[in-house]
Amino acid sequence: MSYRSFVGLEIHIQLATRTKVFCGCRAAFGDEPNTNICPVCAGYPGALPALNEDAMLKSYVVARALNCRLSPVCEFERKNYFYPDLPKNYQISQFAAPLGRDGYLDLEFRRRRKRVRIRECHLEEDAGKMIHAGDQSLLDFNRAGTPLLEIVTEPDLEIGEEAEHLLQEFRRLVRYLGVCDGNMEEGSLRCDANVSVNEERAGLGTKVEIKNMNSFRFVRKALDYEIDRQQDILGRGGTIVQETRLWNENRDVSESMRVKESSNDYRYFPEPDLPPFQTDDAFLAAVESSLVELPPERTARFVSQYELQPAQASFLCDERGSADFFEAAVAAGAQPSDAAVWLMGDVQKLLNRSGTQLTGSPLTPERLAELLVLLATGRIHGKLAKQTLEAVFTDDMDPRQIIAERGWEQITDPAAIGKIVDAVLTEQHEAVAQIRSGDSRPHGYLVGQVMRATSGRADPRLVQRVLEERLALQFIQVLGFGGAISGSRREDGVVVPGSLESLIRSLRGDPALPADIRYDELDLGGFLSEEVSPRDWALLIHAIARHAATGDTSGIVIATGTDTLSYTAALLSWLFGASLPIVLTASATTGDTAESRESLRHAVQTAVSSAPGVSVVFGAERYPAVNLKFERVPGESGEGAFRTWNRHGVPEPRVGLWTSFQGSSGTQDLSGSAPDIPDAQMLAGRLEDAARRIFVTKVFPGMSAQALVALIDAGVRYFVLELYDTGTASVRETPFSLRHALEYGHRHDVTFFCTSQQEADVDFSTYVTSHDLWRGGAIPMGTLTTESVYTRLLAVLLTGVAGDGSDPDAVAHIMESG
Amino acid sequence: MRASSPERWQQVLANSAYADALRSRDSSINAFLEIDTDRRHSHGDGTSPAAAGPLAALPLAVKDNIAVRGFGLTCGSRILANHISPYDATVVARLVAAGMVPVGKTNLDEFGMGSATEHSIAGPTNNPWDADRVAGGSSGGSAAAVAAGMVPLALGTDTGGSVRQPAAFCGIYGLKPTYGTLSRYGLVAYASSLEVAGLLSRDLAILRAAYEAASGADVMDQTSVSLPDAASRPSDEVRRVAFLGGELGLDQRTAAAYRRMRDVVAATGAAVEDIELVTAEAVVPAYYTIAAAEASANLARFNGVRYGERPVFAENPEALVRQARTEGFGDEVKLRILLGTYVLRSGFQEQYYQRAQRVRTAIRRELASVFARHDLLVLPVYPTAAFRHGEAELTAFQQKLADRFTTLANLAALPALSVPGGVCDGLPVGIQAIGPAFSEARLMRFAELAAAELPPQRPPGYEIELCDEVIPGGRT
């Protein structure tokens, strides 16, 4: 049986007004009990309410931002019920004439766009708080009379995750508008929900109200629990009882509070103490002028105006403060892409470490801009820039001042560096001779000598350039990473791993390549590409990271094999983005053949001539690194070729996740000769750990949900499910239904990322079965191939950008924002 | 007999004999719940009260459902028996600013619900004209205090006639102003959309001065209004006067006084016409439906939690609230709360509350059409003169039906003034005039015209006001 679920929310926000809604008392959280009270909000005999116009303004601003029809006249009513924390034993609220009606909020959740209708917005007063302590009940009326805006949605939501998402979007909205801090723990944002489940196409079911959901996560859990509960009852042929249930966060269950029969009759009637509120032109103009650019629009503008990636823009626009900070830094002269990278990476890292907020920290937009300009103009190099940033936080000084005081200013004068380089070259004449003869190995050593001579203050890229000039040479790193290209064929015809040696030799003598290239090769192991393990990847990543940090290379060429190239290429692309030119290549033939030479030659040419970024060269073709498939097409040469799936939807990341690497970094060596990167053992450990938690599989007719359940029991927390076509799978009630696995996974914090067995855009919007997957919490990954998704997941877990990977929401968020 | 002069009233508080004389005179009347003539009221905003002007240093009695800082605010109810108000009602603050000095809180029917000042924890107030009779209600204490010459002015509240009817029973003036002109801030609410603060006095000049001092918009009461400027206010001409005709069910005294008043008005040269109101039958049911509905919510705040009487022990907060209300409210109050809760039930609002509101609209319209043709509408205040204590002459239900003349002005939010209409057979009878909104000056002009023939009289035994009794040389 296929079900449909309907969820509507009742959201309450405390408006951030200076005073309460009907009196002049301070509206503040956390003061001594019963200090912010007066005859009005304590309900003393004879006291009358007087409407706070700022509360009205903020309410209308929210209603307007939610695209509501604004009432030209709105009225207050009394909602009568007895509760000791309600001073007057009626609440002044709105009923027949709320201030806003018929609005909407546009959502996009798991690639499903939806317009969630807002039924109404109305303003009311909050109650006090009652605390039971031993045999006493204590009352604090500080909160009584705080303006509370209630927003009621239509039952347009379907699952807990979606409701949580709406709530987070809504929170962002009210924080942007500056009308509420949106803190669920402190209760400035509260949410109740109504849930009904019914058979597909049967309309709304019997409504159950859920209360006491005190965090975003509890909202999701409570709603999913309730949908499951109702579905179970219906599935067993039962009927749903109309009732109110409370979420018990300690037991992860909901409990019945009261059934409909005993519910309150609130006996609403017009509040005689308050005349109807009439909006006039001045008021409506004030509403309009209080509107700000909201997160979705601002994010889109950041992408178009500053050419940021969607993930960067959405990170920056998550908080109005950080978006404002970014724009102020850009206005102060920072390059937008630099500012975004630093704010997401190093700045965020420092904020996390100190547990502070960006606004109010010693880092001002002007200081960030100053630092980035110093970096961009070469006055300081990358590593010292990071230390300068730290010093800004610890010493609260301008970057310029810090650099001057500590003598960190980079040596950027080519003449000065030229002098030092010349001295080193004169002294190290043996190494120079070695390089000139074609052996590039001493090159790194020379760079190190120059850096040492300047105490690390020389601009490494300038050093590299001066060296290249002085020696009249370019330096290419060639990394051997298994594969047939470096292998050989045994007498019995079997291919065995080999080394790069003969290929490098062939490059050195290749007349088609510029003679000024010097090759520095590093063999990362004799294996075939099908044998690649996480540990091998760790070594490869470590080697690239080191070169990226020192900048001692013009480009990196990786010789590997066709079997796993699509994984390795995507992994490197997710990690390193456009930090330096990285070209992967492979050969369909074994060993030093014309075909492999051709591929390698082309790869070297690409590395020296192209912009930074990861790409793949095979034969004469060049491909983007993500979404590659190796295919052998019969009838042609039989050697096979790469093809890019969903070419139009292929992301080419500019900023890799590596920039945001979280965790203990390597040695801090101010001499600059040792790059500041994590060690290879640690990377290997993290990658292996990540790989153990991931399972990749293709769904197929007859696939047993029990098998997935067993994998979950064995510790798998992330699945990459390759579904049929645009994202379909069987959820029919059979022993093989995937639904059992989804439900089981849901209860165990397991995430299912979905890709397609076809060249397709997975978006779950077409088939009823894919809608069931969506409801089951599976995440459609759009145009990404299984290889791309798996390696992105590895990159996310390796770099720790989503923490230690135990929070599936954080991981899913980064996976989706690719 | 001679009229006491305001000047002597202005000196009375300086005389130490006043307090004792006040207490002594009240012993047979029971107008006051609390007397304190020594409390030099400190003014909330730090300014000092006016030292000169018509109201300077005048003693003021305040009905005990109006807040005066430092005085009790019991509303005649057990549930507030120990409650001291932490603030001043706006009307009190304004009269204090004009120089008046609150000297005591006056008796009333519990929360203003009654017509006899008998439903009070302090017991009944006696009518100065005849101690066996009631002073009227619910502002009976205020009316009796003025009539017995104890104070020159008293504040009352008028929800359905609670100022005018006791004023009529005691032979003095009782003003129920236009809704909103006197702030309700500090009036313990009974029926918010109907009630206003009112003024009781035997002296029209003091009444007028007090109204001018106390009226006007108040930020603490958003239903309050500022008076329109003099040019757009109704004139004080009394030329075309409508009298309510038809079968009015009046007792002999009232019928005679009402006829007399008609003659007096006609003798002034005004055009007099008898009219009938088609909405008359529906007035009392509509009034009680709306008043009870609002009362059921207004009185919900009295739960013993933050102030007032409460049980020493209760199992839980809910039980505490239940017990405090069971013990704290009198029967009449409980009756009206139950009635109000009943008429507001969901599904029944259309039948009762909404219907009453439609009647209210019809009454407003009908009165508006009356004032399109007439300057004033004159009618009795109450079908009888002061009745005897208890329900022997008028049952509680009959007392409610008898509100048919007074509740009109409350439902229509219009000003009305009860004026002395002579003394018949030993009891005073009051006749009221209702005018269009903001026509208080016209109502007072009417009172002056009537006073030329029918001046206010003093009850036997109370011919001498306290100021004349206390001030040396005051008696001549």
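### Here we look at the overall build of chain A
Tallying secondary structure elements over chain A gives 25 helices and 31 strands in all. Computed over its C-alpha atoms, the radius of gyration of chain A comes to 32 Å, within 12% of the 28 Å expected for a compact globule of 818 residues. Relative to its full complement of 818 residues, chain A shows a buried share of 47%.

### Considerations on the overall build of chain B
Across its full length, chain B carries 15 helices and 13 strands. Taken over the C-alpha trace, chain B has a radius of gyration of 21 Å; the compact-globule value for 476 residues is 23 Å, and the two agree within 12%. Each of the three principal axes of chain B carries a C-alpha extent, and together these read 70 × 60 × 45 Å. Relative to its 476 residues, chain B shows a buried fraction of 60%. For chain B, the proportion of contacts with a sequence separation of at least 24, taken over those separated by at least 6, is 77%.

### With respect to the interface of chain A and chain B
Opposite the 27 residues of chain A that make contact, chain B presents 36 residues. Listed by contribution, the elements that provide at least two residues to the side of chain A that touches chain B are β4 (77-80) and β9 (136-140) of chain A.

### Quick notes on the pairing of β4 of chain A
Remember that side chains alternate between the two faces of the sheet whenever the strand is regular. Residues and elements named next belong to chain A. A two-sided burial pattern is seen for β4, the buried positions comprising Glu-77 and Lys-79 on one face and Arg-78 and Asn-80 on the other. Where β4 meets strand β5 (residues 90-93), 4 bridges bridge the pair, whose relative direction is antiparallel. In the sheet register, Glu-77 faces β5, and the bridge partner there is Ser-93. With 2 bridges connecting them, β4 and strand β15 (residues 269-270) associate as antiparallel partners. Across the sheet, residue Arg-78 finds its bridge partner in β15, namely Phe-269.

### Here's the deal with the sheet that holds strand β17 (residues 474-480) of chain A
All names here are of chain A. One open sheet accounts for 6 strands, arranged β20-β17-β21-β22-β23-β24; its pairing is mixed. Of all strands in the sheet, those bounded by a partner on one side alone are β20 (517-523) and β24 (621-624). Averaged over all pairs of adjacent strands, the angle between their axes in this sheet comes to 25°, without regard to strand direction. Together, β17, β20, β21 (555-559) and β22 (581-585) form the strand contacts of helix α17 (residues 534-550), whose direction differs from that of β17 by roughly 170°. Strands in contact with helix α18 (residues 562-576) are β22 and β23 (613-618); relative to β23, the strand with the most contacts, it is inclined by about 160°.

### Considerations on the packing of helix α20 (residues 680-692) of chain A against helix α24 (residues 786-799) of chain A
If you want to describe how two helices pack, look at the angle between their axes and the distance between the axes. All names here are of chain A. Two elements in contact, α20 and α24, have axes whose closest approach is 9 Å; the angle formed by their N-to-C orientations is 130°. As the angle between them shows, α20 and α24 are arranged oblique. Here the hand of the crossing between α20 and α24 comes out right-handed. Where α20 approaches α24, its residues Leu-683, Arg-686, Leu-687, Ala-690 and Ala-691 are matched on the opposing element by Leu-794, Leu-797 and Leu-798. Split by residue class, the contact of α20 with α24 holds 7 nonpolar, no polar and 1 charged.

### Digging into the sheet that holds β15 of chain A
Spatially, 3 strands are ordered β5-β4-β15 (chain A) in an open sheet, and the strand pairing comes out antiparallel. Here the strands that pair on one side only, and so sit at the sheet edges, are β5 and β15 of chain A.

### Overview of the confidence of the model for chain B
Model confidence for chain B is summarised by a mean pLDDT of 94, while 96% of its residues fall at 70 or above. ipTM for the predicted complex: 0.94, alongside a pTM of 0.88.

### Structural notes on the environment of Tyr-744 of chain A
All names here are of chain A. Tracing the backbone through its elements, the reader meets Tyr-744 in helix α22 (residues 738-747). Owing to 16 C-beta atoms within 10 Å, Tyr-744 belongs among the partly exposed residues under this scheme. With 38 residues separating them along the chain, Tyr-744 and Gln-706 place their C-alpha atoms 9.8 Å apart. Apart from the residues lying within four places of it in its own chain, the contact partners of Tyr-744 are Val-709 and Ile-712.

### Focus: the nonpolar core
By size, the foremost hydrophobic cluster in this structure holds 230 residues, and its most contacted members are Leu-60, Leu-95 and Ala-210 of chain B. Leaving out residues up to four positions away in the same chain, Leu-60 of chain B has contacts with Leu-95, Met-100, Val-101, Pro-102, Val-103, Val-151, Leu-153 and Leu-155 of chain B. Core analysis: the second largest hydrophobic core is formed by 97 residues, Phe-475, Ala-569, Phe-642 and Phe-752 of chain A among them.

### Some remarks on the environment of Phe-169 of chain B
When you line up the elements, Phe-169 of chain B lands in helix α5 (residues 164-170). Given 36 C-beta atoms within a 10 Å radius, Phe-169 of chain B is considered buried.

### Some details on α20 of chain A
All names here are of chain A. Compared with an ideal rise of 1.5 Å per residue, which puts 13 residues at 18 Å, α20 spans 18 Å between its outermost C-alpha atoms and is within 8% of the ideal. Buried residues of α20: Leu-683, Arg-686 and Leu-687, and no others. Viewed along the axis of α20, the buried residues span an arc of 100°, placing them on a single side of the element. Looking at the buried residues of α20, the elements they touch are α17 and α24.

### Overview of helix α9 (residues 317-328) of chain B
With 12 residues, α9 of chain B should reach 16 Å at 1.5 Å per residue; the first-to-last C-alpha distance of 16 Å fits that figure. Of the positions making up α9 of chain B, those classed as buried are Pro-317, Leu-320, Val-321, Ala-324, Arg-325 and Gly-328 of chain B. Along α9 of chain B, the residues classed as buried sweep out an arc of 120° about the axis, all on the same side. Summarising the geometry of α9 of chain B, the exposed residues directed more than 90 degrees from the buried face are Ala-319 and Thr-326 of chain B. On its buried side, α9 of chain B packs onto β8 (129-133) and β9 of chain A.

### Details of the domain arrangement of chain A
Residue and element names in this part refer to chain A. Each domain of chain A was delimited in the assignment, giving domain 1 (3-265), domain 2 (299-406), domain 3 (473-660) and domain 4 (693-816). A straight line from the C-alpha centre of domain 2 to that of domain 3 covers 35 Å. Counting from both sides, the interface comprises 4 residues of domain 2 and, opposite them, 4 residues of domain 3. A per-class count over the side of domain 2 that touches domain 3 returns 2 nonpolar, 2 polar and no charged.

### Considering the environment of Ala-376 of chain A
All names here are of chain A. By the element assignment, Ala-376 lies in helix α9 (residues 365-376). Taking C-alpha positions, Ala-376 is 59 Å from Val-208, a pair spaced 168 residues apart along the chain. Filtering out sequence-adjacent residues up to four positions away, Ala-376 remains in contact with Gln-335 and Asp-338.

### Quick word on unusual backbone geometry
Of the consecutive residues Gly-137 of chain B and Ser-138 of chain B, the connecting peptide bond is found in the cis state with omega at 5°. Looking at the secondary structure, you find Ser-138 of chain B in the loop between β5 (130-134) and α4 (140-147). Phi at Arg-267 of chain A is positive, roughly 45°, even though this residue is not glycine. You can see Arg-267 of chain A is positioned in the loop between β14 (253-259) and β15.

### Points about the packing of helix α6 (residues 204-214) of chain B against helix α14 (residues 440-453) of chain B
Residue and element names in this part refer to chain B. Running from N to C, α6 and α14 cross one another at 175°; their axes reach a closest spacing of 11 Å. Relative to α14, α6 is oriented roughly antiparallel. Of the residues in α14, those in contact with Leu-204, Arg-208 and Tyr-211 of α6 are Glu-440, Met-444, Ala-447 and Glu-448. Here the contact of α6 with α14 is built from residues that sort into 4 nonpolar, no polar and 3 charged.

### Some words on the confidence of the model for chain A
Of the residues in chain A, 97% have a pLDDT of 70 or more, and the chain-wide mean is 89. The low-confidence segment residues 664-674 of chain A (pLDDT under 50) makes 21 contacts with residues lying over four places distant or belonging to another chain.

Definitions and limits used
- Residues numbered from 1 in each chain as written.
- Chains lettered and ligands numbered in written order.
- Predicted model: local features only at pLDDT ≥ 70, side-chain atom pairs only at ≥ 80, totals over all residues.
- Helix = DSSP H or I, 4+ residues; strand = E, 2+ residues; numbered from the N terminus.
- Rg over C-alpha atoms; globule rule 2.2 N^0.38 Å.
- Buried ≥ 20, exposed ≤ 12 C-beta atoms within 10 Å, placed from the backbone.
- Contact = placed C-beta atoms within 7 Å.
- Pairing = 2+ DSSP bridges.
- Axes fitted to C-alpha atoms, helices over the stretch in contact; angles between N-to-C directions.
- Parallel < 35°, antiparallel > 145°, perpendicular 65-115°, else oblique.
- Left-handed = near helix turned anticlockwise from the far one by under 90°.
- Nonpolar A, V, L, I, M, F, W, Y, C, P; charged D, E, K, R; others polar.
- pLDDT = per-residue confidence, 0-100.
- Core = buried A, V, L, I, M, F, W, Y, C linked by C-beta atoms within 7 Å.
- Expected span 1.5 Å × (residues − 1).
- Arc of directions from axis to C-beta.
- Domains from an automatic or database assignment.

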